[in-house]
Amino acid sequence: MKILATVKRVPDPETSIKVKPDGSGIVTDNIKWVINPFDEIAIEEALRIKEKHAGSEVVLASIGAKVVQEQLRTGLAMGADRAILVLTDDALDPLAVARVLAKIVETEKPDLIVMGKQAIDDDSNAAGQMLAELLGWPQATFASKVELAADQKSMTVTREVDGGLETVGAPLPAIVTADLRLNEPRYASLPGIMKARKKELKEIPIADLGVDVAPKAQIVKMDPPPKRQAGKKVESVEQLVELLHTEAKVI
Amino acid sequence: MGDVLVFAEHLHGKFPKTTLVAFAAGKDAAAKFGGACHAVVVGSGVDALASEAATYGMKTVFQVDSPRLEHYLADAYTAALAEVVKAKGIETVIATATATGKDLLPRLAARLGAGFAADITEIHADGTVQRPMYAGNVFATVKLVGSPRVISVRATAFDAAAKDGAGSVEKVPVSLDDGKLTMKFVGLEEVTSDRPVLTEARIVVSGGRGLKNGENFKTVLEPLVDELGAAMGASRAAVDAGFVPNDLQVGQTGKVVAPELYIAVGLSGAIQHLAGMKDSKVIVAINKDAEAPIFQVADYGLVADLFKAVPEMKDAVHKLKS
């Protein structure tokens, strides 16, 4: 079977993010860029499915500037077979991302798409659901377990919902979005990194796809979050409980 | 014009607090956009819920009732909601960013070709909304182009709506094309607990990697949690390390909470965790590292070994109550 895994280049989650003084974006100097952590989990899941089902192929897809090659090479070094990069210097909103991916799906015809549940930069948690709708496919978001039927025609997915775990079933092709506990992504091995250099990485200028990517959600400006003042240090548990009772009046 | 439609999520025949937040956000949006606020109740046999929704000041409650909609499924619910939006000329669809809201609304937006903003914290009269990005390091003002538009609301951004009016209920038939609806509900394994729900609790006690293992959550943290009648939460690091299940995770990629009292134990306060709790009224931090970032947002900070301080605190609270 063919599995498509999507990759977004994002600032390392440990990076401290600052808003530019004019509110037009974030300060990108000295930022370390990585694969979106939830996408790493998605790639890992695609690789595990491939390892279980002989003859499978894992294709990576990303959208962004030429530098995104770095993250795609990392994904290829983890074990993906080839990669597609849709080239654009613009930041797309989730619906535009879904439209571009839908176009890629038209030609690639994967049986399964695995995506991160959300990208840790814009935190929308939307592209997977939107892509599923555009394709008319079933979706299983926030997955913590994915099981494919032996005939590879359907899947059963455990989802992390508010009150516990929900299980849904759906025929393939389908979309799964990965939550934190789906798996622990592997590191790229040295031989993997060597091999990745020779794997196919196809670039497609976004204009060639003929997709409407005008943003429906436009970011007007960015602001830093409101600051919360630090309070006081207390010396003992006794004093803490006393203050919570008499001053804060919360216990 | 400018009518708003609130998706009224329900569980076990009740509206959780998160749905009352959606009603409040819907009324706020309708007032600012100059339209009426309606709600939609989707399910199987939901007469009572539809009538109840109307008491929260919803002008009309559209009841979409079908055995096919007994369990939430993204494809069927999207189809049902899209029909209501189109038939009733809705301009803005609102739900709270619960697991269901997050699953459903983007799909609905794609179906409607609508602009979508996730997890918003403010609605402005000029039609823009404010939403956190980069784990709460950035608040973006977002303009949604065209109509309709779809918005999910952060569960802590609005107070629960009050029962301040009685609207009418209108049953809306929808045509569900079974050929296109392929998802199946298999089961729900609910975490049953005597403790309050994390997102509704008055007091939340969260543990981090400082607890060292899952056993210590049980033996050290839980006695304090229960003494306070609190809900238990955890940092992503503690979930990552396998100490506790993911449904306890508080943070940008977990649950967002704003209780009256939030007690952070043995957690450093990574930005993505702070994003999920810094709207709490009173924050307490207990950590042996005086430099931990959690102290920068804490109203009361105690630099101490949690293995000593937490049992002491449990005893002190017990003494206070007796």
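Residues numbered from 1 in each chain as written. Chains lettered and ligands numbered in written order. Predicted model: local features only at pLDDT ≥ 70, side-chain atom pairs only at ≥ 80, totals over all residues. Heavy atoms only, no water.

Visitor: When you look at the overall build of chain B in this model, what are you seeing that I'm missing?
Guide: If you tally the helices and strands in chain B, you get eight helices and 16 strands. The buried share of chain B, taken over its 322 residues, is 60%. Long-range pairs, those at least 24 residues apart, make up 65% of the contacts in chain B between residues at least 6 apart in sequence. As displayed, chain B has an accessible area near 11,800 Å², and 51% of this comes from carbon and sulfur atoms. (Helix = DSSP H or I, 4+ residues; strand = E, 2+ residues; numbered from the N terminus. Buried < 20%, exposed > 50% of the residue type's maximum accessible area, 1.4 Å probe, protein only. Contact = heavy atoms within 4.5 Å. Areas by Shrake-Rupley, 256 points an atom, 1.4 Å probe, with all protein chains shown as cover.)

Visitor: Before we go on, may I ask you to explain empty space enclosed by the protein in this structure?
Guide: Left-over empty space is what a probe sized like a water molecule reveals as it rolls over the atoms. On inspection of all chains with the given rule, the structure shows three cavities of 30 Å³ or more. The volume enclosed by the largest cavity comes to roughly 70 Å³. In this structure, the largest cavity is lined by Gln118(A), Asp123(A), Ser124(A), Asn125(A), Ala97(B), Lys102(B), Ala118(B), Asp119(B), Ser152(B) and Gln252(B). Class assignment for the residues of the lining of the largest cavity results in two nonpolar, five polar and three charged. Its boundaries defined by the atoms lining it, the second largest cavity holds a volume of some 40 Å³. (1 Å grid on protein atoms, 1.4 Å probe; cavity = no way out; pocket = protein on both sides within 12 Å on 5 of 7 lines; lining within 4 Å. Points joined across faces, edges and corners; volume = space filled by probe spheres on them. Nonpolar A, V, L, I, M, F, W, Y, C, P; charged D, E, K, R; others polar.)

Visitor: What am I meant to see in the domain arrangement of chain B here?
Guide: Quite often, the size of an interface is put as the accessible area lost when its parts meet. Residue and element names in this part refer to chain B. Domain boundaries assigned for chain B yield domain 1 (4–171) and domain 2 (203–321). Domain 1 and domain 2 are separated by 32 Å when their C-alpha centres are compared. In total, domain 1 and domain 2 occlude about 720 Å² of area from one another, counting both sides; carbon and sulfur atoms represent 49% of this. On the domain 1 side of the interface with domain 2, the three residues burying the most area are Ala 135, Arg 154 and Thr 156, jointly 64% of the side's total. Taken together, the links from domain 1 to domain 2 amount to zero salt bridges. Along the contact surface separating domain 1 from domain 2 lie two residue pairs in polar contact (both at pLDDT 80 or more). (Domains from an automatic or database assignment. Buried area = accessible area lost by both parts, 1.4 Å probe. Salt bridge = Lys/Arg side-chain N within 4 Å of Asp/Glu carboxyl O. Polar contact = N/O pair within 3.5 Å; in protein donor to acceptor, adjacent residues only side chain to side chain.)

Visitor: Even after reading the chapter, I still don't get the nonpolar core, so can you show me in this structure?
Guide: Within soluble globular proteins, side chains that are nonpolar tend to cluster in buried spots. Core analysis: the biggest nonpolar cluster contains 145 residues, and Leu60(A), Met155(A), Leu244(A) and Met313(B) have the highest contact counts within it. The element contributing the most residues to this core is helix H3 (residues 74–87) of chain B, with nine residues. Viewed by domain, this core spans two of them, domain 1 (4–171) and domain 2 (203–321) of chain B, each represented by three or more residues. Core analysis: the next-biggest nonpolar cluster, separate from the first, contains 45 residues, Ile26(A), Phe33(B), Leu49(B) and Ala140(B) among them. (Core = buried A, V, L, I, M, F, W, Y, C linked by side-chain atoms within 4.5 Å.)

Visitor: Help me out: how do you make sense of a nonpolar patch on the surface in this one?
Guide: Together, Leu190(A), Ile193(A) and Met194(A) line one region of the surface with nonpolar side chains, adding up to about 300 Å² of accessible area. Secondary-structure assignment places Leu190(A) in helix H5 (residues 190–196). (Patch = residues over 30% accessible without salt bridge, like charges linked within 9 Å, V, L, I, M, F, W, Y side chains within 5 Å.)

Visitor: I tried to follow the environment of Val211(A) on my own but got confused; where do I start?
Guide: All names here are of chain A. Tracing the chain through its elements places Val 211 in the loop between strand S11 (201–205) and strand S12 (217–223). Distance from Val 211 to Ala 96, taken between C-alpha atoms, is 8.1 Å for residues 115 residues apart in sequence. Those residues in contact with Val 211, other than ones at most four positions away along the chain, are Arg 99, Val 100 and Lys 103.

Visitor: Teacher, can you tell me more about the interface of chain B and chain A here?
Guide: On the side of chain A, 75 residues touch chain B, which itself brings 83 residues to the contact. Summing both partners gives a buried area of about 6,500 Å² for chain B against chain A, and 58% of it is carried by carbon and sulfur. On the chain B side of the contact with chain A, Arg107(B), Tyr134(B) and Tyr300(B) bury the most area, a combined 12% of that side's loss. Summed over the shared surface of chain B and chain A, the result is four salt bridges. The shortest N-O distance in the salt bridge between Arg111(B) and Glu133(A) comes to 3.0 Å. Across the contact surface, chain B and chain A share 41 residue pairs in polar contact (both at pLDDT 80 or more). The element best represented in the side of chain B that touches chain A is helix H4 (residues 99–112) of chain B, accounting for eight residues.

Visitor: Teacher, can you tell me more about the pattern of salt bridges here?
Guide: Where charged atoms of side chains with opposite charge meet at close range, the side chains can pair. All names here are of chain A. Enumeration according to the criterion identifies 36 salt bridges over all chains in this entry. Two residues, Arg 82 and Glu 108, come together in a salt bridge whose shortest N-O distance is 2.7 Å. Of the two residues, Arg 82 is situated in strand S5 (residues 82–87) and Glu 108 in helix H3 (residues 94–108); the sequence distance between them amounts to 26 residues. Here Glu 166 makes a salt bridge to Arg 159, at a shortest N to O gap of 2.7 Å. We note that Glu 166, like Arg 159, is buried. One connected set of salt bridges, linked through shared partners, spans Lys 2, Glu 57, Arg 82 and Glu 108.

Visitor: I keep staring at the packing of H3(B) against H4(B) and nothing clicks. Help me out?
Guide: Each pair of packed helices gets described by two things: the angle between the helix axes and the distance between those axes. Residues and elements named next belong to chain B. Interaxial distance between H3 and H4 falls to 9 Å at its minimum, and their mutual angle equals 55°. One way to sum up the angle between H3 and H4 is to call them oblique. When you trace H3 past H4, the crossing you get is right-handed. Between H3 and H4, the contacting residues are Ala 74, Asp 75, Tyr 77, Thr 78, Ala 79, Leu 81, Ala 82, Val 85 and Lys 86 on the first element and Asp 103, Leu 104, Arg 107, Leu 108, Arg 111 and Leu 112 on the second. Split into classes, the residues belonging to the contact of H3 with H4 amount to nine nonpolar, one polar and five charged. (Axes fitted to C-alpha atoms, helices over the stretch in contact; angles between N-to-C directions. Parallel < 35°, antiparallel > 145°, perpendicular 65-115°, else oblique. Left-handed = near helix turned anticlockwise from the far one by under 90°.)

Visitor: Looking at this model, I keep getting lost on the pairing of strand S10 (residues 174–178) of chain A. Mind explaining?
Guide: The side chains of a regular strand alternate, residue by residue, between the two faces of the sheet. All names here are of chain A. Counted residue by residue, S10 has five buried out of five residues, so it is predominantly covered. Because side chains alternate across S10, one face comprises the buried residues Ala 174, Val 176 and Ala 178, and the other comprises Ile 175 and Thr 177, equally buried. The pairing of strand S6 (residues 112–116) with S10 spans five bridges and is parallel. Looking at S10, one finds that Ile 113 is bridged to Ile 175. Two strands pair when backbone bridges link them, and strand S7 (residues 139–148) and S10 are joined in this way by three bridges, in the parallel orientation. Considered in S10, the bridge of Ala 140 is made with Val 176. (Pairing = 2+ DSSP bridges.)

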